[in-house]
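Per-entry structural report
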Amino acid sequence: MRTSARLLLIAVILAPLLAGCGSSGSAPNASSGGGTGGTSNVQAITADSGPTGAFVNMVTTSVTICMPGTNACQTIPNIQVDTGSTGLRILASAVTLSLPAVTASGGATYSECADFADGFLWGSLASADVRMGSEVAAAMPVQIIQDNGSGPAVPSTCSSQGTNESNANALGANGLLGVGLFIQDCGGFCVTNPSPFYYTCPSGVCAEATIPLAQQVTNPVAFFPQDNNGVVLQFPAIAATGAMSASGSMIFGIGTQSNNVLTASAIGVPDSGSTAGSFTAVFGSTTLVDSFIDSGSSLMYFPDASIPACPGNLSGFDCPGVATALSSTPINVTLQGSNAVSTNVTVNVANTQFLFGQPNASALNVFNDLGGPGLAALPNSFDFGVPFFFGKSVFTAFEQRSTPAGAGPYFAFQ
Amino acid sequence: MTPSRPSTAWIAALSLLCSIGVTPAWAALGGTHATIEADASSMRAMRHDTAARASYQMHELTLASGTVVREFVAPSGTVFAVAWQGPFKPDLSRVLGSYFPRAVAAGQERRADHRRLMVHAPDLVIESGGRMRAFAGRAYLPALMPADVALGEIR
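Residues numbered from 1 in each chain as written. Chains lettered and ligands numbered in written order. Predicted model: local features only at pLDDT ≥ 70, side-chain atom pairs only at ≥ 80, totals over all residues.

Focus on the overall build of chain A
The helix and strand tally for chain A stands at five helices and 24 strands. Its C-alpha atoms give chain A a radius of gyration of 21 Å, near enough to 22 Å, the size a compact globule of 414 residues would have. Overall, chain A is about 60 × 50 × 40 Å in size when its C-alpha atoms are taken along their principal axes. Burial status across chain A gives 59% buried among its 414 residues. (Helix = DSSP H or I, 4+ residues; strand = E, 2+ residues; numbered from the N terminus. Rg over C-alpha atoms; globule rule 2.2 N^0.38 Å. Buried ≥ 20, exposed ≤ 12 C-beta atoms within 10 Å, placed from the backbone.)

Here it is in structure tokens:
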């Protein structure tokens, strides 16, 4: 079956049904507020279909950006919260401030081609103060996603990365807030190597360039004055049959205030090498060394020959059991960190045909039991996507930062 | 093979692998690789003849970024599959060659998230996945797959 046809069906199923749901549940309680520091380290987050209504299990928040060092600010809603990437990226069409460009030593502006599995985001780098909760990250390099026709042309070494997703429909949100394990999106490689990812664009013509760490697109949470060693995403439990939306909290810091205390074990991951950012997941006789927890994945993706993919146009989803019932199938997984910590968890995968075909499916945008087949090209990966987050506090500890449970990077959940 | 200027990262990678004066040969999916023997010696790329069967050769390049690209070449010289894994995707227009527009078209469809790109057509399979700093993917031409090659070998 052609992917286009499959995805079209998903769109047919979901898009009309979800239209108008994008703003549902948009008044989440900011929960417990700040802890002992008197600083609010809590930011409301929502899981729903996103502003386009076309996605499922999309986690978003509002981010306030300001002219550096000033109170000239704007708040941009519907920014996807992604623990699987790094840095703040905002559609140019959503930005009304005239943010200063991030420039190289010679004065040329930087642009970036940010790489994703299904395409790329192209845009220039600007500097903004980033405010969430009552915290401020000063003068952060931010990618301004070029969706309004202005700015340098996409270079061929960027367009060769796949589909240009630099628009609201493809992105499914007004931007992306990457709060993953790594401080910069590229890191040391781009400091010493010109690459297809960063460019300088003198006179509007872009060429591959090196870029210092300080100018790379950066996880703003890591540069808050406090509560800067990680993030916690908290969502309430939802019904196995799904929900319209879920309201949760993104809490900044790990073990820095009374509301972000980690009581579970830290699941360590390497900060470099072929399994950077990954732990080992074991279930049954399957050992998956490239596993991770990711709020940017709408499903839990993992290889399990005993769970069939859905037929026909939903073949990207799991369909255990029968389509006439939830067919919830428990998967008992052991997560083994590089620090020799071992933690067990049970996740459930339900029949997606049933979930998407329920009488009230039009009102359902979030699910705690959506699974998808593993990729043959990613044979060793258990991707604990958004379904895993419901009913938990999920911790993402940043590289090079200390926490009471040890230095990042690590994942944890409780 | 795209005529556009190779990216600097590719030049860096290939210059490590190729002796001076030898044009770096690269065969995209569906292309022919008639010069693989010469390439394998001139490029210090790991060439792998499978022990189990002689129905293809696997030609591996490690890019400067650390990403590994593999091309699977049938005895006819045709590249019937490619695969990649590493911190960055490779230049997909080079790797996929004339099939690259199919990947772009698939990426323009709506999807569940940004962690997957799939083309499952009778003549072409493309599977791209992963997250920032950890990508993997493969593409193959079912009609050109040697009969005794298991799909699991294409990675």
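And the narrative resumes.
Details of the overall build of chain B
Scanning chain B from terminus to terminus reveals four helices and seven strands. Listing each helix as α and each strand as β along chain B from the N terminus yields α-α-β-β-β-β-α-α-β-β-β. The buried share of chain B, reckoned over its 155 residues, is 50%. The long-range fraction of contacts in chain B, counting pairs at least 24 apart against all pairs at least 6 apart in sequence, stands at 45%. (Contact = placed C-beta atoms within 7 Å.)

A closer look at the interface of chain A and chain B
Buried accessible area, meaning the area lost when the parts come together, often serves as the stated size of an interface. With 53 residues of chain A in contact, the opposing surface of chain B contributes 48 residues. Going through the elements one at a time, α1 (3-18), β5 (110-116) and α2 (156-159) of chain A are the ones with two or more residues in the side of chain A that touches chain B. The element best represented in the side of chain A that touches chain B is α1 of chain A, accounting for six residues. Class assignment of the residues belonging to the side of chain A that touches chain B gives a composition of 22 nonpolar, 22 polar and nine charged. (Nonpolar A, V, L, I, M, F, W, Y, C, P; charged D, E, K, R; others polar.)

Quick look at the environment of V289 of chain A
All names here are of chain A. For V289, the position within the fold is in strand β15 (residues 286-293). We classify V289 as partly exposed; it has 16 C-beta atoms within 10 Å. Separated by 90 residues in sequence, V289 and P379 place their C-alpha atoms 9.2 Å apart. In this view, V289 contacts T275, S278, T280 and N380; residues no more than four positions away in its chain are not counted.

Here we look at the pairing of strand β3 (residues 68-73) of chain B
All names here are of chain B. Among the six residues that make up β3, five are buried, leaving the element largely enclosed by the rest of the structure. As judged from the six bridges shared by strand β2 (residues 57-62) and β3, these two strands associate in the antiparallel manner. Bridging across to β3, T62 finds its partner in V68. In textbook terms, the turn of a hairpin is the stretch between consecutive antiparallel strands, and for β2 and β3 this stretch comprises five residues, one of which, G66, has a positive phi near 100 degrees. Strand direction decides the pairing type here: β3 and strand β4 (residues 79-86), joined by six bridges, are antiparallel. By the bridge assignment, F72 is partnered in β4 with A81. The antiparallel pairing of β3 with β4 creates a hairpin that spans five residues between the two strands, and G77 there sits at a positive phi of about 95 degrees. (Pairing = 2+ DSSP bridges.)

Points about the pairing of strand β6 (residues 124-131) of chain B
Residue and element names in this part refer to chain B. In terms of burial, β6 is largely enclosed, as eight of its eight residues are buried. Of the two faces of β6, both are covered, the one formed by L124, I126, S128 and G130 as well as the one formed by V125, E127, G129 and R131. Of the strand pairs in this sheet, strand β5 (residues 116-121) and β6 are connected by six bridges, and their pairing is antiparallel. The residue bridging M118 from the neighbouring strand is E127, located in β6. In this structure, β6 lies alongside strand β7 (residues 134-140), joined through seven bridges in antiparallel fashion.

Regarding unusual backbone geometry
Residue and element names in this part refer to chain A. Residue G408 is joined to P409 through a cis peptide bond whose omega torsion reads 5 degrees. One can find P409 in the loop between β23 (406-407) and β24 (410-413). Of note in this structure, N78 is not a glycine but carries a positive phi near 60 degrees. Structurally, N78 is set in strand β3 (residues 73-82).

What about the environment of M300 of chain A?
Residue placement: M300 of chain A occurs in strand β16 (residues 300-302). With 85 residues separating them in the primary sequence, M300 of chain A and G385 of chain A have C-alpha atoms 4.7 Å apart.

Section: the environment of G31 of chain B
Residue and element names in this part refer to chain B. Inspection of the secondary structure puts G31 in the loop between α1 (8-17) and α2 (36-42). By the C-beta count within 10 Å, which is 17 here, G31 ends up partly exposed. Apart from the residues within four sequence positions on either side, G31 is in contact with V79 and G97.

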